[in-house]
Amino acid sequence: MIDIERIRSDCPACQQLIHFNNAGCSLSPTPVNEAILAHLKLEQQLGGYEAAELASNSIDNFYGAFGKLLNCSPGEIAYVENATRAWDMALHSIRFASGDQILTGEMEYASNYLELLHLARQKNVEIKLVPTDASGCIDLDQLENTISARTRLIALTHIASQRGDIQPAVEVGQIARTNKVVFLLDACQSAGQLPLDVSELGCDMLCGTGRKYLRGPRGTGFLYINKDRLEELEPVFIDLHSAQWTDAGNYSLRADARRFENWEQFIAGKIGLGVAVNYALEIELPFIRSRIEELVTHFRNRASAVQGIRILEQSSAPSGIITFIKQGASANVLQKKFRSNKMNISVSKQANAQLDLGRNKLGDINRVSLHYYNTAQEIDQFIELLGTL
Ligand SMILES: Cc1ncc(COP(=O)(O)O)c(C=O)c1O
């Protein structure tokens, strides 16, 4: 259940500024910051390895917390330094053969798509782009029609960085399962914002980051790997944590998803992210989702009354991310003006979304991303200022 007053009292910056950049990096609650600082202090007092030994339960909590968040087993979770690297590790764990196809959508995250282009240059693998429909979501009929015997992977970003429409991941998962194709879901913007259940989503691999809607620390991320796929997915790099050196010429890989981890890790961040996930679980994801929906509806209603504002999300499934263009105003200038009024928003750059903003000649646009700890009053203040700029 959400007690907004209590939650805002856990977030001191809420008294100082209006933070509508949660899709960039949200404000961490005090228990998360305290857990990180406590572990850093312990490292300073005892030594890093000794501190990790003492904190083994808090470290292990990371896996249990993500197991609950995603409805999977803790053994299907790996701690990775960010979502991009987690996604890369997932992609390159597939043994592509010459002529294989990868299907993806126009809302795919920039770094993911760049890595697909990179892969296509290195190997004879074909990237097939499935168009979006009029609502901004991947066209499911086209997806089904594009699948062939050569399709090895479907990669989908659940909620794009530059657009707030929620992509139909469950339906994509069903198509992937029916066709026995590996499904990789980028849940960077949906983890901590929507209830996620990997068995319902039908994904084989899912990645995310700590700092966005999960309210964890920067420089942390995670990867889910379905245990039934583990044996066919081999990490591109291994080390003495992901594998065991069994004799001079041999090794065996770890039997769980931690085969995708590095030995060296930001331990305080791992502990902090585990605490952040528990914090979200305590509030409950369905409540978080409905609170964000309420705030987004309020925002859209208020913004649509402001002259010259065009909101870009068209689907019936908008998330906490709302993007807009203000006629005659530069997105960068608007962001700076809001910043000088202690309101954080961001700019989605065309250069980071060539398949969407670039193709549609939209240029750079403004992005507001709301979280459950924001309020209707903050939105009113923001809209008031928007009307005057
Ligand atoms: C949809 C999406 N995927 C991936 C990422 C990359 O996350 P990270 O910075 O943790 O690598 C982002 C970050 O903005 C994102 O929005």
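Nothing here was measured: the structure is a model prediction, and the numbers come from that model. (Residues numbered from 1 in each chain as written. Predicted model: local features only at pLDDT ≥ 70, side-chain atom pairs only at ≥ 80, totals over all residues. Heavy atoms only, no water.)

This part covers the layout of surface pockets. One number sums up the size of the largest pocket: a volume of about 620 Å³. Taken together, 31 residues form the lining of the largest pocket, with Y109, S161, R211, K212 and R367 sitting closest to its centre. Elements represented by at least two residues in the lining of the largest pocket include exactly α5 (83-91), α6 (110-122) and β14 (346-348). In terms of residue class, the lining of the largest pocket is made up of nine nonpolar, 15 polar and seven charged. No fewer than three residues from each of domain 1 (4-27 + 284-388) and domain 2 (31-282) sit in the lining of the largest pocket. Put simply, the second largest pocket is a space of about 390 Å³. Together, 19 residues line the second largest pocket, and A52, I59, W263, Q265 and I267 are the ones closest to its centre. Where the lining of the second largest pocket is concerned, the elements lending two or more residues are α3 (48-54), α4 (56-70) and α10 (267-283). Per-class residue counts for the lining of the second largest pocket are six nonpolar, five polar and eight charged. (1 Å grid on protein atoms, 1.4 Å probe; cavity = no way out; pocket = protein on both sides within 12 Å on 5 of 7 lines; lining within 4 Å. Points joined across faces, edges and corners; volume = space filled by probe spheres on them. Helix = DSSP H or I, 4+ residues; strand = E, 2+ residues; numbered from the N terminus. Nonpolar A, V, L, I, M, F, W, Y, C, P; charged D, E, K, R; others polar. Domains from an automatic or database assignment.)

Turning our attention to the sheet that holds strand β3 (residues 101-105). Sheet architecture is open: seven strands sit in the order β2-β8-β7-β6-β5-β3-β4, paired in mixed fashion. Each of the sheet's edge strands pairs with one partner strand only, and the pair in question is β2 (77-80) and β4 (126-130). With direction set aside, neighbouring strand axes in the sheet form an average angle of 20°. With five bridges connecting them, strand β5 (residues 151-157) and strand β6 (residues 182-186) associate as parallel partners. (Pairing = 2+ DSSP bridges. Axes fitted to C-alpha atoms, helices over the stretch in contact; angles between N-to-C directions.)

Another point: a nonpolar patch on the surface. On the surface, a nonpolar cluster with roughly 270 Å² of combined accessible area is contributed by L37, L40 and F266. Note that F266 resides in the loop between β10 (250-253) and α10. Classification of F266 by relative accessible area gives partly exposed; the value is 36%. (Patch = residues over 30% accessible without salt bridge, like charges linked within 9 Å, V, L, I, M, F, W, Y side chains within 5 Å. Areas by Shrake-Rupley, 256 points an atom, 1.4 Å probe, with all protein chains shown as cover. Salt bridge = Lys/Arg side-chain N within 4 Å of Asp/Glu carboxyl O. Buried < 20%, exposed > 50% of the residue type's maximum accessible area, 1.4 Å probe, protein only.)

Taken together, 13 residues are adjacent to the ligand, and T84, D186, Q189, T209 and K212 come closest. In this structure, an oxygen atom belonging to the ligand sits 2.9 Å away from a side-chain N or O atom of Q189. Within the side chain of T209, an N or O atom sits 2.6 Å from an oxygen atom of the ligand. With the chains in place, 92% of the 390 Å² that the ligand exposes on its own is no longer accessible. Put simply, the ligand lies in the largest pocket. (Near = heavy atom within 4 Å. Polar contact = N/O pair within 3.5 Å; in protein donor to acceptor, adjacent residues only side chain to side chain. Sits in = over half its atoms within 2 Å of the grid points.)

With that settled, the discussion passes to the nonpolar core. In this structure, F66, L70, I154, L206, F299, L370 and F382 are the most contacted members of the largest nonpolar core, which totals 81 residues. For this core, the two domains that each supply at least three residues are domain 1 (4-27 + 284-388) and domain 2 (31-282). Sequence-distant contacts of F66, that is, excluding residues within four places in its chain, are made with N71, C72, I77, L214, F222, L273 and V277. Judged by nonpolar contacts, the second largest core, of 30 residues, contains L91, L223, L230 and L233. (Core = buried A, V, L, I, M, F, W, Y, C linked by side-chain atoms within 4.5 Å. Contact = heavy atoms within 4.5 Å.)

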